[in-house]
Amino acid sequence: MKKISIIGAGPIGKGVLLPLFQSHGYEVTLLNRSKEKLNQIKEGYTVNNDGQSSKYCPNAVVSLEEATTLTPLIALAVSSKALPAVLKFVGNTLQPSNNPYTLLICSNQMNVQQIVKKYFQENFSGVSFLQTIEIQQIICCIGARNDSNGNDVVINTKHGCILLEKGHWMDTDINEFIASDDIQADLTIKLCLINRLQLHLALLGKKKGYKTLGECFSDGYLMSEVIASYQEVISILKLRYPKADISKKAQLYLLRVMNGKNEDIHRFLQNIDKKLEPNDRIELPIQIAKQIHYPIHHIQSLRREALAYIKKERDIL
C-alpha cells in the first residue's frame, strides 16, 4: 500500500489532504505537535463538504515528539510561523534511503521551495541527501475551517481547486490535483484575487459590525466598493499574465467567496497574520501595477482599511 505522512492536523491536513489521499488508496499517518489534538481525532472525525457529511479516521496518529520515522512522501500542512520547527523535525527524523523523499508543502507563502531549501542548506549542510529532496508546493483554493467543536471540519470545494507544482513526483491517479507549470504565478493570482477579496470584505464588514460575509453580500454599497477594486486587480493581472485565463479564474474565485456566506468575519480576521502591512494579498497587485505602469484608483482602499484595522487593534492592546 502507498503511504504518506501528513504533518499538521488542522482543517487542511485532516479535512482536505487526508480524505484526498485515503480515497486514492494511501495509508495516512497524521502527525501533530499537540497530543491532545491527536487524541481527539484518532477515533475519527466528520468532514462536512458542501452539505455532505463523511467520517474519516487516520490509519495512525503520532505526535512529533514521539515520531521516529517518516514515509518517503510527506505533506506539510502547517502555518508559516510553525514551518521552521517542523522543518527541524523533518531534518532530524529523515534517514538516508533508496527511496527518494518528496515534501509536498501546502502553503500560500511566496517562494516557499526556496525558503525550505535554504533552511536545509543552513541547518543541515552536512546531510547531503537533504539537499536533494524534491520540494513541491500545493496551493489549496478550497475553503476549510474547524467546526464549532474544534474537532470536525467544514470544507467548501465548490468552485475550488488544488494546484500542485509539476515535478518528478506526481500520482497520475489523483485527478483532483491540477498540475501547474508556474506555481508562483498561480499563487500570485490566487493571493491577488480570492484572498484579497475575502480580506477586503472582512475588513469592511467588521467596520460595519457585520458578523458573517453573507451580511456583506447584502450591502450594495460595500459590494460596489469591493467589486470595483476586484475589477481593477483583474485588469492588472491580465496585463501581467497574458497567457493565463484570468477572467475564468476571477469568475471562479468570486463564486468561491460568495459561496462562503457563513464565514465568520471575526474568526477570519483572527486567522490573518497581524502584520498586514507587508502581507502579499494587499501589496502584490499594487507592486505589479507599479511594474507595468498601470494607473490605480480602487485597490489602495484595501491598504487603507488594513492600516486602520491594525491601528485600532494596537490601540486596543
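That block above? That's the structure.
In short, a report on the structure. (Residues numbered from 1 in each chain as written. Predicted model: local features only at pLDDT ≥ 70, side-chain atom pairs only at ≥ 80, totals over all residues. Heavy atoms only, no water.)

**Overview of the sheet that holds strand β10 (residues 153-156)**
Read across the open sheet, the 4 strands follow the order β4-β3-β10-β9; overall the sheet is mixed. Looking at which strands have only one partner, the edges of the open sheet turn out to be β4 (52-56) and β9 (143-146). Taking the axes of each pair of neighbouring strands and ignoring which way they run, one obtains an average angle of 20° across the sheet. Of the pairings in the sheet, the one linking strand β3 (residues 45-49) to β10 comprises 3 bridges and is parallel in character. Across the sheet, the residue bridging to Asn48 is Val154, located in β10. (Pairing = 2+ DSSP bridges. Helix = DSSP H or I, 4+ residues; strand = E, 2+ residues; numbered from the N terminus. Axes fitted to C-alpha atoms, helices over the stretch in contact; angles between N-to-C directions.)

**Notes on the packing of aromatic side chains**
Under the defined criterion, the tally for this structure stands at 6 aromatic pairs. Measuring from ring centre to ring centre gives 5.1 Å for Phe21 and Tyr26, while their planes differ by 80°; the resulting arrangement is edge-to-face. Judged by its relative accessible area of 6%, Tyr26 is buried. Ring pairs connect the aromatic residues Phe21, Tyr26 and Phe177, which therefore count as one cluster. Note that Lys14 overlies the ring of Tyr45, its terminal NZ or CZ placed 5.6 Å from the centroid. (Phe/Tyr/Trp six-rings, centres within 6.5 Å; stacked < 30°, edge-to-face > 60°. Buried < 20%, exposed > 50% of the residue type's maximum accessible area, 1.4 Å probe, protein only. Lys NZ or Arg CZ within 6 Å of the ring centre and 35° of its normal.)

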